[in-house]
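# Close look at the chain arrangement
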Amino acid sequence: MTIEAINEQLLRAIGVGVALLDRKTLQFGFRNDTFDEWFGGENQPTQLQQLFPELDVQAMSENLIGTGRHTSEIRFKKKRRTLVIALDFTVAEGDMLVLVCQNVTRIKELESMIDSYSMMVERNTREIKREKEQVEKLLLNIMPRSVYEEYKTFGVVTPQMYDPVSVLMLDFVGFTDMVASQDPSVTVTELNDIYSAFDRIGEQFGCERIKTIGDAYITVAGLPDPTPDHSKAIANTAIRFVRYLMRRNLSHPHQWRCRIGISTGSVVGSVVGIQKYVYDIFGPAVNLASRLQEFSEPMQITVQDAVAHTIKDQFNLENVGARSIRGFGEQDIWRLSDND
């Protein structure tokens, strides 16, 4: 770098600290006003290492030999504030070094603010994602996935007719007395365990749990996707519900006994409510399943005549004769029992 080039750089360096040093001794030969303002004082050092003791002089020398230039950053405490200064050394003619200093404190502060903001945004994004996953999990617990996808996409759910499907209605024997005589937390805990087991069993056979109403449990086969063997699926589910409770009762002090009714037919499924919405099904098949479970003895499964004729070659069924069913007239009903 020539003297003319140095002079030109000095003229451009308004607001930039500039100094000339002897390359061999690293003694200061010239410092502009900005440099003195930043680093000046009563006992201002005359040698580079005295002013910037943390500077890696060996690395600087190697870079100057190799490329003729070296850049670095140092922190310099001025009064109560610590400045971040960018150093730029350039080899000039006559064994001189030109040192250009820029105050990048504000830039570093902004970078730190940007980093903090980025971390905050990333953290908030993770929290939003986690909350979204929790909401999705909750919604999938109260409605079929295809219904949830429609609700998520359009914000509404179109009522659908499903025909045919098989409906299972389960009710526990003596539940009211149990609630009155036991610790409520114990009752709720046990009911949660049982319903969770029912959900897993139903899932194995492609059944969709619609809802629970206290001690009533409703699940459906053939909804939302049509299932040719929906009657077989619901029968298998019912048998395993009873089998699960029998095995559970062997190791638990309280004996849970259920009544189950199974019917087939058409239902309408949709989301009802605006703020406290829930997915529900309506139709003759639901009402009939509810009536049939009333005809069941504890730990028995009562089956509609139409269901029995569909599955009679695969399951143990006993015709118990015609019964007058409220709202449906007189119909034959059957008892479904475990093959094992």
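## What about the packing of helix H8 (residues 184–204) against helix H9 (residues 230–249)?
One can describe the packing of H8 onto H9 by two numbers: an axis separation of 10 Å at closest approach and a directional angle of 145°. Both H8 and H9 take part in a crossing whose hand is right-handed. When H8 is examined against H9, the residues Glu190, Asp193, Ile194, Ala197, Phe198, Ile201 and Gly202 are found in contact with a partner set consisting of Thr237, Arg240, Phe241, Tyr244, Leu245 and Arg248. When grouped by side-chain class, the residues that make up the contact of H8 with H9 number seven nonpolar, two polar and four charged.

## Quick look at the pairing of strand E6 (residues 160–172)
A regular strand carries its side chains on alternate faces of the sheet. Sheet topology places E6 next to strand E9 (residues 258–272); eleven bridges connect them, and they run antiparallel. Across the sheet, the residue bridging to valine 165 is glycine 265, located in E9. Inspection of the sheet shows E6 paired to strand E8 (residues 216–221) by six bridges, in the antiparallel sense. In the sheet register, serine 166 faces E8, and the bridge partner there is alanine 221.

## Side note on the packing of aromatic side chains
Evaluated as defined, the whole model comprises 15 aromatic pairs. For the ring pair tryptophan 38 and phenylalanine 39, a centre distance of 6.1 Å and an interplane angle of 85° mean the geometry is edge-to-face. For the pair shown, tryptophan 38 and phenylalanine 39 are each scored as buried. Between phenylalanine 39 and phenylalanine 52, the ring centres sit 5.2 Å apart and the planes meet at 80°, which makes this aromatic pair edge-to-face.

## Brief notes about the side chain of aspartate 88
The topology assignment puts aspartate 88 in strand E4 (residues 81–92). Given the relative accessible area of 18%, aspartate 88 is considered buried. Here arginine 69 takes part through its side chain, which lies 2.3 Å from a polar atom of the side chain of aspartate 88.

## Considerations on the pairing of strand E3 (residues 69–78)
The pairing of E3 with E4 spans ten bridges and is antiparallel. Following the sheet pairing, arginine 69 is matched in E4 by threonine 90. Once E3 ends, the chain turns through two residues before running back antiparallel as E4, passing lysine 79 with a positive phi of about 60°.

## As for the sheet that holds strand E2 (residues 28–31)
With antiparallel pairing, five strands are arranged side by side in an open sheet as E2-E1-E5-E4-E3. With partners counted over all chains shown, the strands left at the sheet margins are E2 and E3, one partner each. On average, each strand axis in the sheet is tilted by 25° relative to the strand beside it, whichever way the strands run. Here three bridges tie strand E1 (residues 17–22) to E2, and the two strands are oriented antiparallel to one another. Note on E2: the bridge partner recorded for alanine 19 is arginine 31. Strands in contact with helix H4 (residues 57–67) are E3, E4 and strand E5 (96–103); relative to E3, the strand with the most contacts, it is inclined by about 150°.

The rules we used
- Residues numbered from 1 in each chain as written.
- Predicted model: local features only at pLDDT ≥ 70, side-chain atom pairs only at ≥ 80, totals over all residues.
- Heavy atoms only, no water.
- Axes fitted to C-alpha atoms, helices over the stretch in contact; angles between N-to-C directions.
- Helix = DSSP H or I, 4+ residues; strand = E, 2+ residues; numbered from the N terminus.
- Left-handed = near helix turned anticlockwise from the far one by under 90°.
- Contact = heavy atoms within 4.5 Å.
- Nonpolar A, V, L, I, M, F, W, Y, C, P; charged D, E, K, R; others polar.
- Pairing = 2+ DSSP bridges.
- Phe/Tyr/Trp six-rings, centres within 6.5 Å; stacked < 30°, edge-to-face > 60°.
- Buried < 20%, exposed > 50% of the residue type's maximum accessible area, 1.4 Å probe, protein only.
- Polar contact = N/O pair within 3.5 Å; in protein donor to acceptor, adjacent residues only side chain to side chain.

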